[in-house]
Protein chains: 2
Amino acid sequence: MKEIERKFLVKSDDFVKESTCINRIVQGYLNSAPERTVRVRIKSNKGYITVKGKSSANGISRFEWEKEIDVHEADALLVLCEEGMIDKTRYEVMVGIHVFEVDVFEGENKGLVLAELELKSEDEEFEKPEWLGEEVTQDPRYYNSYLSQHPYATW
Amino acid sequence: MKEIERKFLVKSDDFVKESTCINRIVQGYLNSAPERTVRVRIKSNKGYITVKGKSSANGISRFEWEKEIDVHEADALLVLCEEGMIDKTRYEVMVGIHVFEVDVFEGENKGLVLAELELKSEDEEFEKPEWLGEEVTQDPRYYNSYLSQHPYATW
């Protein structure tokens, strides 16, 4: 229930041809506050409800709880969400022994591409692909919950 | 997923001897806003996450979605909740063909006793027991989410 994750900008679209799995994700927030984010997500015709807590000081670790729910129930919950939906395409890219999740945002966040990497410990080493850009793990503007309220187009 | 419910004050404790089921309930809120309430509840060693939408104008109908979750996960989610936990004992009382849920509040809401009745339609008739007091369905102060932020002791 502890999520350890690092986040990066992306320099080129070379990740696309290396990806093994592509999914559209639509998500909204029942609470976008970083202390107790409540997210409703539909991914590949499956529904999820996810609760995240406040990040650690370095931004890497965060409490996360997720439960799969019926996709029609997720649809009904999305209606209740705060204004500001996130719509993105997720590419999963295997790099060495790790999987990068590269999110290409649509709508008001169009132009933004973020790569996320889940780790088992904060100091776990990993291979950096050529298309990986600047690390933004500590920058709260790149939280999806923040982007839902302050989309990239308005930065 | 539509909850139809009427709520009443309680005039006497005669409901106690008529009750068939007694449970302690502890609950907190990941969002106490009435438009998208997100509640975490532990009842009788079971966990639940519940999302409620805005009430109808007469206060009777409201979108509700609930999912049972692991009780230890519910415990972990309670830690993330807003300050202001609700602690109450629920008595279930059969009256005619209906079940009243009578909540006796503890802690900062001590002194408050509320009876709730779930109905199949807004105009469904029901038998009123002698201990039933004034109807407060339309009064938003009696929402548990409101009580969590503005406990009865502060009224």
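Predicted model, so just to flag it, every value in this text is computed and none were measured.

### Things to note about the overall build of chain A
1) Next: Check the secondary structure of chain A and you find three helices and nine strands.
2) Next: Counting helices and strands in the order they occur from the N terminus, chain A gives β-α-β-β-β-β-α-β-β-β-β-α.
3) Next: Taken against the 2.2 N^0.38 rule, which gives 15 Å for 155 residues, the C-alpha radius of gyration of chain A at 15 Å falls within 12% of a compact globule.
4) Next: Dimensions along the principal axes, computed over C-alpha positions, put chain A at roughly 40 × 30 × 30 Å.
5) Next: Summarising the internal contacts of chain A: among those between residues at least 6 apart in sequence, 63% fall at separations of at least 24.

### Observations regarding unusual backbone geometry
The phi angle of most residues is negative, glycine excepted, and most peptide bonds adopt the trans form.
Residues and elements named next belong to chain A.
1) Next: Even without being a glycine, Ser 44 presents a positive backbone phi close to 55°.
2) Next: The residue Ser 44 is located in the loop between β3 (36-43) and β4 (46-55) in this model.
3) Next: Backbone geometry places Asn 45, a non-glycine residue, at a positive phi of 60°.
4) Next: Secondary-structure assignment places Asn 45 in the loop between β3 and β4.
5) Next: The exposure class of Asn 45 is exposed, given the 9 C-beta atoms found within 10 Å.

### What to know about the interface of chain B and chain A
1) Next: In this complex, chain B contributes 17 residues to the contact, which on the side of chain A involves 17 residues.
2) Next: Of all elements in the fold, only β2 (19-31), β3 (36-43), β4 (46-55), β5 (61-69) and α2 (71-80) of chain B reach the threshold of two or more residues within the side of chain B that touches chain A.
3) Next: Tallied by class, the residues present in the side of chain B that touches chain A amount to twelve nonpolar, two polar and three charged.

### Quick word on the UniProt feature "domain: CYTH" (unreviewed entry) in chain A
1) Next: Those places that UniProt annotates as "domain: CYTH" (unreviewed entry) correspond, in this numbering, to residues 1-149 of chain A.
2) Next: Regarding residues 1-149 of chain A, the helix share stands at 13% and the strand share at 52%, and the terminal C-alpha atoms are separated by 26 Å.

### Some words on the relation of the copies chain B and chain A
1) Next: In screw terms, the move from chain B to chain A is a rotation of 180° and a rise of 0.0 Å along the axis, fitting with an RMSD of 0.0 Å. Such a turn and shift between the copies fits a two-fold axis. Looking at the rotation axis and the C-alpha trace of chain B, the residue lying nearest is Asn31(B), at 3.1 Å.
2) Next: Of the interface residues in chain B, 100% have counterparts in chain A that sit at the interface too, so the contact is made through matching surfaces.

### Points about the pairing of β2(B)
Residues and elements named next belong to chain B.
1) Next: Bridge count for β2 against strand β6 (residues 86-95) is eight bridges, and the pairing is antiparallel. Within β6, the residue paired with Val 26 across the bridge is Asp 87.
2) Next: Of the strand pairs in this sheet, β2 and β3 are connected by six bridges, and their pairing is antiparallel. Paired with Gln 27 across the two strands is Arg 41, which belongs to β3.
3) Next: The turn linking β2 back onto β3 is made up of four residues.

### Some points on the nonpolar core
1) Next: The biggest cluster of nonpolar side chains holds 22 residues, and the ones touching the most others in it are Leu30(A), Val38(A), Val40(A), Leu30(B), Val38(B) and Val40(B).
2) Next: Contributions of two or more residues to this core are made by β2 (19-31), β3, β4 and α2 (71-80) of chain A together with β2, β3, β4 and α2 of chain B.
3) Next: Apart from residues lying up to four places away in sequence, Val40(B) is in contact with Gln27(B), Gly28(B), Leu30(B), Ile49(B), Ala74(B), Leu77(B), Leu78(B) and Cys81(B).

Cut-offs and rules
- Residues numbered from 1 in each chain as written.
- Chains lettered and ligands numbered in written order.
- Predicted model: local features only at pLDDT ≥ 70, side-chain atom pairs only at ≥ 80, totals over all residues.
- Helix = DSSP H or I, 4+ residues; strand = E, 2+ residues; numbered from the N terminus.
- Rg over C-alpha atoms; globule rule 2.2 N^0.38 Å.
- Contact = placed C-beta atoms within 7 Å.
- Buried ≥ 20, exposed ≤ 12 C-beta atoms within 10 Å, placed from the backbone.
- Nonpolar A, V, L, I, M, F, W, Y, C, P; charged D, E, K, R; others polar.
- UniProt positions renumbered as here; feature names shortened; annotations may be inferred.
- Least-squares fit on C-alpha atoms with pLDDT ≥ 70 in both.
- Pairing = 2+ DSSP bridges.
- Core = buried A, V, L, I, M, F, W, Y, C linked by C-beta atoms within 7 Å.

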